[in-house]
Amino acid sequence: MREAEKAFTGMLPRLEPHVLPAGASQDVLNADLQRGSLVPFKGPAKVADLAKAGTKLAIYRFGRSLDDDARYWFHWLNDTDVARGAIPDDTQERTYFTEAGQPPRVTDSTMATTDELMPSAWYRLGIPAPTVRATVTVAEQPDPPSNLERQSCLLAYTFVSAWGEEGPPNEVSDPFNAATDDTLNVINLEGPPAGEYNITLKRLYISTTDATGTAILRFWKEVPAGAVEFSDKVDFTELGEALPEHALVPPPDDLFGLLAHPGGFMIGFSGKRVYRSEVFKPFGWPYYSPVADEIVGGDIMGQATVICTKGDTYLATQADPVTLTPVRLEGNQPCVAKRTIRAFKGGVVYASPDGLVMVDQAGGMGVVTEELVTREQWQAYVPASMHASVHDNRYFCWYDTGAERGGLIFDLTRGAMSLTRTDVYATASYSDGRRDELFLALPDGDVHKWNGGTVPLGMHRVSKMYILERAQNIGAAQVLAAAYPVVFRLRATIETDDGPRDVMVEKVVRNGRPFRLKGNYRARSYEFTVESSAAITEITVASTLANVTAV
């Protein structure tokens, strides 16, 4: 009898141990199997201190042009989503974020990194409409032409930020009659609103009537935000652009799940609504669409947006904020953990009660892990506790059952799916796609780079269960590794008059030569475990020492 394992694959917990395919494992801890060998991951390397006291639930590396692991780490104690703004000619890395329990906000390089509590400062996202109607009186021009006809007008005004962001207009004034060269006296203008806004100006608009008889508000004058009154002559032939057709209203205060769409607009959620900003104007959110269920979150794959809810899942394929329409997908797989929703290999993956669900761009949806784990096995990890990142074409998912915390690493390659574990637990993660690095917020409260240290993690692997045609003694083994020692354990099951009994044999392997094992038993089934801090390329077990090297 001789069994040699040279190509190792991950766990398939759904299958019984004795029907696992060759090379598959009952358990794999802290091992990288991408090249077929058992290679231990290196321990995480600390890269930065995080100043806020408490459990970090979100981290983000600001300063995307810097190749520096230590700078600059935004961090939050609440669930937070972050998106870089789609702003033409942006040189200040304007960055938007939605933090649970807070209104949406925006920061940039002029204020985000002034202290260690990053982001250090911010503004509220969006520009509110003034709440006070202006009052207008008209000082008619002296000696007007005899044929002068004054037109009925209205006046409204908007707030404008120092970044040139203009909000929606307020309620229009009472009608007044005016003509070119009349002087308009405007009073009762509202000052800038209180709060974390960056408002520096007001813009005044006067209505004119177009060829269809429709009143259109057109730009007249710009005044300081603090001005409460203003007077000037009006020339109706020199009025400027009209207000946008869709008012650039701020997003709702409880917006969450912020996403940057490649079409130049942003997406967020509130209750049962999918909100969108105007293209290249992330301060204005005039569009929304309802869905039937409470939204949990979403992500974007290519041009398509997946919306996960507490009920059905929706897909919107449009790349335009005006026409974007969520369509309900067949199959009911509610999302149980918002922070597990991640774009992955042409789809979006999230945690459901049954396992990890994948939605593809064609709208196909299924439990992608159903060939790996049963629903019962999945539930044991408490999927509602999970959060995830995608790195190196693998899905890293951390869990906390209350009794145990750890991570699951999924290879979801079709036809070669597998699963491994890690005992490195993170409270938050950030996948830096630009530099192909994964960063973790560990329970010590600081940022660490995954697999970035110099000391390997302790690696552990349990083989499949082998069942022999007849009972035999497993009398020898060999472990080929990059370094030693390696701990080798054999568990053989023998049949006795009192039922099955396990025989445990342990050997500290110090070199690559074959070695003998305890030989006073015969067993039909066995499995073996190796523990090492160095790569293992081959494990062989045999009935005799001579059989180990027999080919």
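The structure under discussion appears in the preceding block.
Reference entry: report on the structure contained in this document. Counting from 1, residues in each chain are numbered in the order their sequence is written. Only residues with pLDDT of at least 70 are given local features in this predicted model, and only at 80 or more are side-chain atom pairs given and counted; all residues enter the totals for whole chains, interfaces and linings. Only hydrogens and water are set aside; all other atoms, that is, all heavy atoms of the structure, feed into the side-chain values.

## Thoughts on unusual backbone geometry
What counts is decided by this rule: Only DSSP runs of H or I with at least four residues qualify as helices, and only runs of E with at least two residues qualify as strands; both kinds are numbered from the N terminus onward.
Here the amide bond leading from Arg71 into Tyr72 is cis, since omega sits at -20°, within 30 degrees of zero. Take Tyr72: it is sitting in the loop between β6 (58-61) and β7 (73-76). At Phe280, a position not held by glycine, the phi torsion is positive, near 60°. Mapped onto the elements of the fold, Phe280 is located in the loop between β22 (273-276) and β23 (287-290). One non-glycine residue, Asn451, adopts positive backbone phi at about 60°. Assignment of secondary structure puts Asn451 in the loop between β38 (447-449) and β39 (459-463).

## Notes on the nonpolar core
Rules: To qualify as a nonpolar core, a set must consist of buried Ala, Val, Leu, Ile, Met, Phe, Trp, Tyr and Cys residues joined through side-chain atoms within 4.5 Å. Burial here depends on accessible area, computed with a 1.4 Å probe over protein chains only, as a share of the maximum for the residue type. Under 20% is buried, over 50% is exposed, and the range in between is partly exposed.
If you look at the biggest cluster of nonpolar residues, it comprises 54 residues, and the most contacted ones within it are Tyr395, Phe410, Phe488, Leu490, Tyr526 and Ile536. The biggest single contributor to this core is strand β42 (residues 486-496), with 5 residues.

## Comments concerning the sheet that holds strand β19 (residues 230-233)
The pairing of strands in a sheet comes from backbone hydrogen bonds and takes either a parallel or an antiparallel form. Our working definition: Only strands joined by at least two bridges in the DSSP assignment are considered to pair. Here an angle of 0 to 180 degrees is reported between the N-to-C directions of two axes, which are lines fitted to C-alpha atoms, with helices fitted over the stretch in contact.
Taken in spatial order, the 3 strands of this open sheet run β12-β16-β19, and their pairing is antiparallel. Strands at the two margins of the open sheet, each flanked by one partner only, are β12 (135-139) and β19. The sheet shows a mean angle of 20° between the axes of neighbouring strands, direction not considered. Examined bridge by bridge, β12 and strand β16 (residues 183-187) share 5 bridges and lie antiparallel to one another. Bridge pairing in β16 places Val138 opposite Leu184.

## Topic: the packing of aromatic side chains
Just so we agree on the cut-off: Pairing of aromatic side chains requires ring centres within 6.5 Å, counting the rings of Phe and Tyr and the six-membered ring of Trp. Pairs whose planes differ by under 30 degrees are stacked, by over 60 edge-to-face, and all others tilted. In our convention, an over-ring charge means Lys NZ or Arg CZ found within 6 Å of a ring centre and within 35 degrees of that ring's normal.
Evaluated as defined, the whole model comprises 25 aromatic pairs. Both rings, one in Phe488 and one in Phe515, keep their centres 5.6 Å apart while their planes meet at 75°; by these two values the pair is edge-to-face. Separated by 27 residues along the polypeptide, Phe488 in strand β42 and Phe515 in strand β44 (residues 515-516) bring together distant segments of the chain. Neither residue differs from the other here; Phe488 and Phe515 are each classed as buried. Here the aromatic residues Tyr60, Phe62, Trp73, Phe74, Trp76, Phe97, Trp122, Tyr430 and Phe439 are joined through ring pairs into a cluster of three or more. Residue placement shows Lys464 over the ring face of Tyr466; its charged tip is 5.4 Å from the ring centre.

## Describing the pairing of strand β37 (residues 437-441)
β37 sits mainly inside the fold: 4 of its 5 residues count as buried. Where strand β36 (residues 428-432) and β37 come together, 5 bridges link them in antiparallel fashion. Among the inter-strand pairings, Asp432 is bridged to a residue of β37, identified as Glu437. Linking two consecutive strands that pair antiparallel, namely β37 and β38, is a turn of 5 residues; a positive phi of about 90° is found at Gly445 within it.

## Digging into empty space enclosed by the protein
Our working rule: Computed over the protein atoms alone on a 1 Å grid, cavities are sets of points where a 1.4 Å probe fits but cannot get out and pockets are open sets with protein on both sides within 12 Å along at least five of seven lines; a residue lines them when it has an atom within 4 Å of a point. Grid points are joined across faces, edges and corners, and a volume is the space filled by probe spheres set on the points. Gly is placed with the polar residues, together with every amino acid not listed as nonpolar (Ala, Val, Leu, Ile, Met, Phe, Trp, Tyr, Cys and Pro) or charged (Asp, Glu, Lys and Arg).
Tallied over the entire structure, the rule returns 1 cavity of 30 Å³ or more. Of the volumes computed, that of the largest cavity is approximately 50 Å³. In terms of lining residues, the largest cavity is bounded by Val106, Tyr123, Arg124, Leu125, Gly126, Ile127, Ser161, Trp163, Glu165, Tyr197 and Asn198. For the lining of the largest cavity, the per-class residue count stands at 6 nonpolar, 3 polar and 2 charged.

## Comments concerning the side chain of Asp32
Quick note on the threshold: Throughout this description, a polar contact denotes any pair of N or O atoms lying within 3.5 Å of each other; where both atoms belong to protein, one of them has to be capable of donating a hydrogen while the other can accept it, and for residues adjacent in sequence the pair is counted only when both atoms sit in side chains. Any two residues whose heavy atoms approach within 4.5 Å are treated as being in contact.
Take Asp32: it is sitting in strand β3 (residues 31-32). Polar side-chain contacts of Asp32 include one of 3.1 Å to the backbone nitrogen of Gln34. A distance of 3.3 Å separates the side chain of Asp32 from the side chain of Arg394, its partner in a polar contact. Once residues within four sequence positions are removed from consideration, Asp32 is found in contact with Ser37, Leu38, Val39, Phe41 and Arg394.

## Observations regarding the sheet that holds β36
Read from one edge to the other, the open sheet built from 4 strands follows the order β5-β38-β37-β36, with strand pairing classed as antiparallel. Of all the strands in the sheet, the pair left with one neighbour each is β5 (45-48) and β36. For this sheet, the mean inter-axis angle between neighbouring strands, taken without regard to orientation, is 35°.

## Considerations on the state of the cysteines
Which entries qualify depends on this criterion: Our working definition of a disulfide is a cysteine sulfur pair at a distance within 2.5 Å.
This model, assessed by the stated rule, comprises 0 disulfides. Note on Cys308: no disulfide assigned, nearest cysteine sulfur contributed by Cys335 at a separation of 4.9 Å. The exposure class assigned to Cys308 is buried, which follows from its relative accessible area of 0%. You can see Cys397 has no disulfide; the closest cysteine sulfur is in Cys335, sitting 11 Å from it. By relative accessible area, Cys397 is classed as buried at 0%.

## Some points on the layout of surface pockets
The computed volume of the largest pocket comes to approximately 1000 Å³. Contributing to the lining of the largest pocket are 34 residues, with Asp81, Val82, Asp299, Arg342 and Tyr430 lying nearest its centre. Those elements that provide at least two residues to the lining of the largest pocket are β6, β8 (80-84), β20 (256-260), β24 (295-301), β28 (342-344), β32 (387-391) and β36. Counting residues per element, the lining of the largest pocket draws most heavily on β8, which supplies 5 residues. Grouping the amino acids of the lining of the largest pocket by side-chain chemistry returns 17 nonpolar, 9 polar and 8 charged. In terms of lining, the second largest pocket is formed by 20 residues, of which the most central are Thr9, Gly10, Asp411, Ala416 and Ser418. When residues of the lining of the second largest pocket are traced back to their parent elements, those giving at least two are β3, β34 (405-411) and β35 (418-422). Per-element accounting of the lining of the second largest pocket gives the leading share, 3 residues, to β35. Among the residues making up the lining of the second largest pocket, the classes are represented as 10 nonpolar, 7 polar and 3 charged.

## Some thoughts on the pattern of salt bridges
Operational definition: Should a side-chain nitrogen of Lys or Arg be within 4 Å of a carboxyl oxygen of Asp or Glu, the pair is scored as a salt bridge.
By the definition in use, this model includes 33 salt bridges. With a shortest N-O distance of 2.7 Å, Asp69 and Arg435 are connected by a salt bridge. Of this pair, Asp69 sits in the loop between β6 and β7 while Arg435 sits in the loop between β36 and β37; the two residues are 366 residues apart in sequence, bridging distant segments of the chain. Its relative accessible area of 17% is what places Asp69 among the buried residues. The exposure class of Arg435 is partly exposed, given its relative accessible area of 21%. Here Asp79 makes a salt bridge to Lys338, at a shortest N to O gap of 2.8 Å. You can see Asp79 sitting in the loop between β7 and β8 and its partner Lys338 sitting in the loop between β27 (327-328) and β28, a full 259 residues away along the chain. Since its relative accessible area comes to 22%, Asp79 is described here as partly exposed. In the salt-bridge network here, residues are joined through shared partners; they are Asp67, Asp69, Arg434, Arg435, Glu437 and Lys449.

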